[in-house]
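Residues per chain are reported as follows:
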Amino acid sequence: MTHRTLPECGREPDEVLDALADFAADDPDYKRGRTWSLVYHLDDAHEDFAARAYRMYSSANGLNPAAFRSLKRLESEIISIEAGLFHGGPETCGVLTSGGTESCLLAVKTYRDMARARRRVRPPNMVLPVTAHVAWFKASDYFGVKVRLLPMTSGHATDIARLKRLIDRNTVMVLGSAPEYPHGTIDPIAEMGAICAARGVPLHVDACVGGFILPFMEMNGVDLPPWDFRVPGVTSISADLHKYGYAAKGASSILYRDLDILKHQMFVYQDWPGGVFASPALLGTRPGGAYAAAWATLQKFGVAGYRELAAQTTEAVEALKEGIARIDGLRLLGRPQGPLLAYGSSDRALSIFAVADQMEKRGWNVNRVQNPDGIHAMVTARHRAVTGEYLADLEQAVATVRADPSLAQTGGAATYGMLAHVPLRGMVKARVLDAFASMYRAGGGDLDLHEPAAPGLAERWMKKYVEWKSRRG
Ligand SMILES: *Cc1c(COP(=O)(O)O)cnc(C)c1O
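Residues numbered from 1 in each chain as written. Predicted model: local features only at pLDDT ≥ 70, side-chain atom pairs only at ≥ 80, totals over all residues. Heavy atoms only, no water.

Along the backbone of the chain there are 15 helices and 13 strands. For 473 residues, the compact-globule estimate of 2.2 N^0.38 gives 23 Å, and the C-alpha radius of gyration of the chain, at 23 Å, lies within 12% of that figure. For the chain, the spread of C-alpha atoms along the three principal axes comes to 65 × 65 × 55 Å. Excluding contacts between residues fewer than 6 apart, the proportion of contacts in the chain whose partners are at least 24 apart in sequence is 71%. Within the structure as shown, the chain displays about 23100 Å² of accessible surface, and the carbon and sulfur contribution to it stands at 55%. Each charge class in the chain was averaged separately, 54 positive and 52 negative side chains, and the resulting centres sit 9 Å apart. (Helix = DSSP H or I, 4+ residues; strand = E, 2+ residues; numbered from the N terminus. Rg over C-alpha atoms; globule rule 2.2 N^0.38 Å. Contact = heavy atoms within 4.5 Å. Areas by Shrake-Rupley, 256 points an atom, 1.4 Å probe, with all protein chains shown as cover. Lys, Arg positive; Asp, Glu negative; His and termini not counted. Charge placed at Lys NZ, Arg CZ, Asp CG, Glu CD.)

Before going further, it helps to examine unusual backbone geometry. For the bond from Arg-122 to Pro-123, the omega torsion is -15°, close enough to zero to count as cis. Mapped onto the secondary structure, Pro-123 falls in the loop between helix H4 (100-118) and strand E2 (125-129). The peptide bond linking Ala-178 to Pro-179 adopts the cis configuration, its omega dihedral lying at -10°. On the secondary structure map, Pro-179 appears in the loop between strand E4 (171-177) and helix H7 (189-199). The backbone of Leu-38 shows a phi angle near 75°, a positive value even though the residue is not glycine. Of note, Asn-371 is a non-glycine position whose phi angle comes to about 55°, a positive value. Looking at where Asn-371 falls in the secondary structure, it is placed in the loop between strand E12 (367-369) and strand E13 (374-378).

Our next topic: the nonpolar core. If you look at the biggest cluster of nonpolar residues, it comprises 54 residues, and the most contacted ones within it are Val-174, Trp-227, Leu-241 and Tyr-246. Where this core is concerned, the elements lending two or more residues are helix H3 (69-85), helix H6 (163-166), H7, strand E5 (203-206), helix H8 (214-219), strand E6 (234-240) and helix H10 (288-326). Shared between two domains, this core takes at least three residues from each, and those domains are domain 1 (54-298) and domain 2 (303-409). What Trp-227 contacts, discounting residues up to four positions off in sequence, is Phe-86, Ala-178, Ile-186, Ile-189, Val-205, Ala-207, Gly-211, Leu-214, Pro-215, Val-234 and Ile-237. Core analysis: the next-biggest nonpolar cluster, separate from the first, contains 31 residues, Leu-341, Leu-350, Phe-353 and Met-359 among them. (Core = buried A, V, L, I, M, F, W, Y, C linked by side-chain atoms within 4.5 Å. Buried < 20%, exposed > 50% of the residue type's maximum accessible area, 1.4 Å probe, protein only. Domains from an automatic or database assignment.)

Considering all chains together, one arrives at 14 aromatic pairs under this definition. Residues Trp-364 and Tyr-390 carry aromatic rings whose centres are separated by 5.3 Å and whose planes lie at 75° to one another, so their mutual orientation is edge-to-face. Of this pair, Trp-364 sits in the loop between helix H11 (352-361) and E12 while Tyr-390 is found in helix H12 (residues 387-403), placing the two residues 26 residues apart along the sequence. Accessibility assignment for this pair places Trp-364 and Tyr-390 in one class, buried. An aromatic cluster is defined as three or more aromatic residues linked by ring pairs; in this entry it consists of Trp-36, Trp-364 and Tyr-390. Sitting above the plane of the Trp-364 ring, Arg-34 keeps its charged end 3.7 Å from the centroid. (Phe/Tyr/Trp six-rings, centres within 6.5 Å; stacked < 30°, edge-to-face > 60°. Lys NZ or Arg CZ within 6 Å of the ring centre and 35° of its normal.)

Bringing the sheet that holds strand E11 (residues 340-345) into the picture now. The strand order across the open sheet built from four strands is E10-E11-E13-E12, with neighbouring strands paired in antiparallel fashion. This sheet does not close on itself; its edge strands, each paired only once, are strand E10 (330-332) and E12. Recorded for the sheet is a direction-independent mean angle of 35° between the axes of neighbouring strands. Relative to E11, E10 runs antiparallel, the two being bridged by three bridges. Each residue of the ladder has a partner; that of Leu-330, found in E11, is Ser-345. Contacts from H10 reach E10 and E11 within the one sheet, and its direction differs from that of E11 by about 10°. (Pairing = 2+ DSSP bridges. Axes fitted to C-alpha atoms, helices over the stretch in contact; angles between N-to-C directions.)

Turning next to the site of the ligand. Near the ligand there are 13 residues, and of these Gly-100, Thr-101, Asp-206, His-242 and Lys-243 occur at the shortest range. A distance of 2.7 Å separates a nitrogen atom of the ligand from a polar atom in the side chain of Asp-206. A distance of 2.8 Å is found between an oxygen atom of the ligand and a side-chain nitrogen or oxygen belonging to His-242. About the coverage of the ligand: the protein hides 85% of its 380 Å² of free accessible area. Take the shell around the ligand: its biggest share by element is three residues, from H4. In terms of residue class, the shell around the ligand is built from five nonpolar, five polar and three charged. (Near = heavy atom within 4 Å. Polar contact = N/O pair within 3.5 Å; in protein donor to acceptor, adjacent residues only side chain to side chain. Nonpolar A, V, L, I, M, F, W, Y, C, P; charged D, E, K, R; others polar.)

Looking now at the domain arrangement of the chain. Size of an interface, as often reported, equals the accessible area lost when the parts are brought together. Segmentation of the chain into domains returns domain 1 (54-298), domain 2 (303-409) and domain 3 (422-471). Listed as interface residues are 28 residues of domain 1 and, on the opposing side, 28 residues of domain 2. At the junction of domain 1 and domain 2, the tally comes to zero salt bridges. For the pair domain 1 and domain 2, the interface holds nine residue pairs in polar contact (both at pLDDT 80 or more). Elements with a minimum of two residues in the side of domain 1 that touches domain 2: H8 and H10. Tallying contributions element by element places H8 first for the side of domain 1 that touches domain 2, with four residues. (Salt bridge = Lys/Arg side-chain N within 4 Å of Asp/Glu carboxyl O.)

If you want it as C-alpha cells, here you go:
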C-alpha cells in the first residue's frame, strides 16, 4: 500500500507506527554492525535513552535564545565541554548546529565576511586539501568562495610544501582536517598553523568526524599529532556530536578562538516587520530535541565512557588494519590514524570495486572512494564484535574476484569504475544530476545509477555526452 495522498480519515496510531517499522525492512542493517558509514549506533538501550531526552525537548525551539533558557544553557554547556576537550582558552566560543555540513558552511561564510570587513578581497578564495569533505566544496558553491586545491603527495597525504604558494591576499581561510574523511589521515595541522599564523590567514580544523574520538584516543595513550587549539594558528574547529559523540542526529558544533571571529557568523536584521532579528547560524527554528539528546549523551558517558568507546574503536581499527595488511593484493590508503580507514588494490589485476560488490553480496554495506579507488570503513565501537567476520569475508571476496576478473565489468564495479574513471567529468556530473533529481519527483523514484551495466554502456554514455555537449552549445 502506498501513501501518495493524505488519508481521508486519520489512521490508528499503532497502525501508523507499524507501517513505519515495516518501511525499514530493506534499510542497511546497522544494528548488527553490517554498515560501515552513515550510522553511529551502539545499542537499543542507548538509542532509547537519547530518544527520551530528545522527546522532552522536541517542541522546544532554540531560535530565540532568550525564550528557551533551557536550550541556551544546554548549548553553552556543550560548547564549554568541547572547549575543554579541544584545549581552548577563556575566549573560546561557539554555536550548536544541525550537522557537520552546517558547521562547514558557516566557517566559510564567517571567514569570507571577516575578510570583507577587514580588507578588500575580490574574489575571495580558500585553500582546501583535495581530501577536504565535500561540504567545503558545497560551501564554495553556495557562498562564492573559490577553491584553491592543495594536492596529495604520493603517499596520499596533504602536500604541505604547496601551501605557502597557494595563499594570496584574497585567501580568506585555509582548511585542515582531523582526520579527513576519504582515508582517515590527520592533516599536518601544526605545520599548516605555523604557515597560516605567519601569513595572518585563519585556519579551520574540520574535526567533524574526529572531534569526539581523537581527544579520548589521546587520553588512552594513542600517539596523535596535535590538531586542536593547542596549535597557535588554529582559529576554529568543527565537531559533530552526532558522529562519535553518539548523540541523536541533528547535532554538530563550531567553535572559534574568540568572539571577534564568531561575530562574523551572526546575522542581525533590525528593520524586519516581524521584529528585530538575530540568528547565530543557518537555521531559523533550531531543534531543541537534538541539543537535549546531545547534552544527555555527553553526561551519560562522561570521560570514562568515551574513553572506553574510543578504546573499543581503536581495537577494531587495529584489527582491520592488520587483517587488510595480511590479505595479498590490498593496501591501506593514506595514513589512517583515527577511527576510519580506506583500502585499495595493490595489484592492477584486482578490481577493488568488484571486491566491494562481493562484500555487499555477503551482507556488508560498504562505501566506495575514488582517486585512488578504495573501500571505506567508518569504524565504531559496535564494529569490534564483527571485525573477524568482516575480514574472513574480505579474504573470500578477494579470492572470488581473483578467480573471475570479469566481475570488474559487471554490476556496481562497472558503474562505479565508470563514474570514477570516465574522463568526461562534465558528463558524469550531468548524468548523476539527472538520475538524482528524478528521485525527487513527488511520489518518489529510485536512483538507477546502480543499474547493472549493460554491454555498450560506454558507447551510450558517450552518445549522451555528445548530446549534452551540443545542448550546451
Ligand atoms: C561527516 C563529515 C562532515 C559533514 O557532516 P554531516 O553531519 O554529514 O553534514 C564534514 N567533515 C567531515 C570530515 C566529516 O567526516
